[in-house]
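A structural walkthrough
Below are the chains, spelled out letter by letter.
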Amino acid sequence: MIKFDVKVADELFTVICAQPRTKSFFEDFLTGEQGGTVLCVTGKWREHIRSLVMQNESLRAVPLPPFRVEYLAIHEMMARALIERGVLLVHGAAVVANGSAVMFVAPSGTGKSTHTRLWTELPGKNAFIINDDKQFIRLNGQGATVYATPWGMISPTPAVRSAPLKAIVLLRRGENRIVPAEEAALFPEMLKASLRGNTPREAIQLLELHKRLLAVTEHYQMDCQPDLSAAEMAYNAVFGGGESIDTD
């Protein structure tokens with residue numbers, strides 16, 4: 001068995017697993033600090049992950065070598081351990097500009113990663129992607145902070161691994177347009193993009209975290225094309241006063 005320590009979302013974890021490639025996956029998050037929550041990838045967890053993958057049509061066609069089973073298991077174990085500490089796992093893509101993060105949420109294939117990449121091409125904005133798949137969001141008295149995770153890291157690795165989360169944008173395909181979104185419209189989409197509670201207690205905790213998250217962030221609904229003008233439109237809406245923008 002292999003044992004190593006990682007620090008993710010400012011939390012320490014001691015990982016126990018069998019595959020050397022699993023440790024390599026966490027290379028950018030390894031730490032010399034010890035005493036973290038122990039995550040041991042058991043045979044029961046491996047079978048659980050294989051079962052989940054077989055239920056997902058889009059994942060069934062993807063090869064599932066042993067190391068991938070392990071890092072997916074660690075992903076879920078870590079996410080569930082963090083619920084008690086006020087941290088949400090959200091499937092989305094987050095970009096940082098002006099010291100704050102903007103997270104885009106949408107069904108797979110809608111263009112989240114494409115849109116955040118376009119932000120990095122905006123002249124003079126110095127925007128960078130902090131994570132383009134699964135990030136952790138910590139809720140505290142001051143608001144929300146988004147953290148990079150090993151799942152969805154990009155290359156080169158961003159120098160800044162966390163940033164205050166300013167806004168959440170629900171992304172759809174269409175002609176370029178962005179407007180403020182009601183919490184009621186965004187709430188179900190956020191639930192789809194996060195974990196499901198395994199127990200009634202966990203389900204309630206997740207609901208409360210989502211409510212808190214929406215209470216401390218701005219939220220928008222955006223239709224867009226995969227072009228630079230859409231990224232500029234979104235940037236101006238979030239950082240230029242939050243007004244509704246339509247490029248038609």
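Please read all numbers here as calculations on a predicted model, not as lab measurements.

This next bit is on the sheet that holds strand β3 (residues 37-40). Reading across from one edge, β1-β2-β3 is the order of the 3 strands in this open sheet, with mixed pairing throughout. Strands at the two margins of the open sheet, each flanked by one partner only, are β1 (2-8) and β3. Pairwise comparison of adjacent strand axes, ignoring direction, gives a mean angle of 25° for this sheet. Here strand β2 (residues 11-17) runs beside β3; their pairing, made up of 4 bridges, is parallel. Directly across from Thr 14, in β3, lies its bridge partner Val 38. The strands that helix α4 (residues 66-83) touches are β1, β2 and β3; relative to β2, the one it contacts most, it runs at about 145°.

Between helix α6 (residues 183-192) and helix α7 (residues 200-215), whose axes approach to 11 Å, the crossing angle comes to 135°. Of the possible angle classes, the one that applies to α6 and α7 is oblique. Taken as a pair, α6 and α7 cross one another with a handedness that is right-handed. Facing α6, whose interface residues are Glu 183, Leu 186, Phe 187, Met 190 and Leu 191, α7 presents Leu 207, His 210, Lys 211, Leu 213, Leu 214 and Ala 215. The residue inventory of the contact of α6 with α7, partitioned by class, reads 8 nonpolar, 1 polar and 2 charged.

Each aromatic ring pair is specified by the distance between its two centres and by the angle formed by the two planes. This model, assessed by the stated rule, comprises 10 aromatic pairs. Geometrically, the ring pair formed by Phe 25 and Tyr 71 is stacked, given 4.1 Å between the ring centres and 5° between the ring planes. Of this pair, Phe 25 sits in helix α1 (residues 20-25) while Tyr 71 is found in helix α4, placing the two residues 46 residues apart along the sequence. Looking at Phe 25, the relative accessible area reads 26%, which means it is partly exposed. Measuring from centroid to centroid gives 6.4 Å for Trp 119 and Phe 239, while their planes differ by 65°, and the two rings are edge-to-face.

This paragraph deals with α7. Compared with the 22 Å implied by 1.5 Å per residue over 16 residues, the 23 Å span of α7 between its first and last C-alpha is a close match. Burial in α7 covers these residues: Glu 202, Gln 205, Leu 206, Leu 209, His 210, Leu 213 and Leu 214. One side of α7 holds all its buried residues, which, seen down the axis, span an arc of 165°. Exposed residues on α7 whose side chains face more than 90 degrees from its buried face are Pro 200, Arg 201, Ile 204 and Ala 215.

With that settled, the discussion passes to the pairing of strand β9 (residues 143-147). The buried count for β9 comes to 5 of 5 residues, which makes it a mostly enclosed element. One ladder, built from 5 bridges, connects strand β8 (residues 134-140) with β9; its direction is antiparallel. Paired with Arg 138 across the bridge in β9 is Thr 145. Hairpin connection, β8 to β9: the antiparallel pair is bridged by 2 residues. Pairing of β9 with strand β10 (residues 162-173), which is carried by 3 bridges, proceeds in the antiparallel orientation.

Here we take up unusual backbone geometry. As a rule of thumb, non-glycine residues mostly have phi less than zero, and peptide bonds are mostly trans rather than cis. A positive phi angle, near 55°, is found at Ala 9, a position not held by glycine. Inspection of the secondary structure assignment puts Ala 9 in the loop between β1 and β2. Backbone geometry at Asn 126 places phi at a positive 55°, although glycine is not the residue there. Relative to the helices and strands, Asn 126 resides in the loop between α5 (112-119) and β7 (128-131).

Here the focus is the environment of Glu 76. Among the secondary structure elements, Glu 76 is positioned in helix α4. Not counting the four nearest positions on each side in its chain, Glu 76 is found in contact with Trp 45, His 48, Ile 49, Leu 52 and Asn 198.

Moving on: the confidence of the model for the protein chain. Chain-level pLDDT for the protein chain is 90 on average; 94% of the residues reach the 70-or-more range. Of the regions scoring below 50 in pLDDT, residues 242-248 engages in 19 contacts with residues more than four places distant in sequence or in other chains.

This brings us to the state of the cysteines. According to the stated counting rule, one finds 0 disulfides in the structure shown. We note that Cys 40 lacks a disulfide partner, and the nearest cysteine sulfur, in Cys 17, lies 8.8 Å from it.

The rules we used
Residues numbered from 1 in each chain as written. Predicted model: local features only at pLDDT ≥ 70, side-chain atom pairs only at ≥ 80, totals over all residues. Heavy atoms only, no water. Pairing = 2+ DSSP bridges. Helix = DSSP H or I, 4+ residues; strand = E, 2+ residues; numbered from the N terminus. Axes fitted to C-alpha atoms, helices over the stretch in contact; angles between N-to-C directions. Contact = heavy atoms within 4.5 Å. Parallel < 35°, antiparallel > 145°, perpendicular 65-115°, else oblique. Left-handed = near helix turned anticlockwise from the far one by under 90°. Nonpolar A, V, L, I, M, F, W, Y, C, P; charged D, E, K, R; others polar. Phe/Tyr/Trp six-rings, centres within 6.5 Å; stacked < 30°, edge-to-face > 60°. Buried < 20%, exposed > 50% of the residue type's maximum accessible area, 1.4 Å probe, protein only. Expected span 1.5 Å × (residues − 1). Arc of directions from axis to C-beta. pLDDT = per-residue confidence, 0-100. Disulfide = S-S within 2.5 Å.

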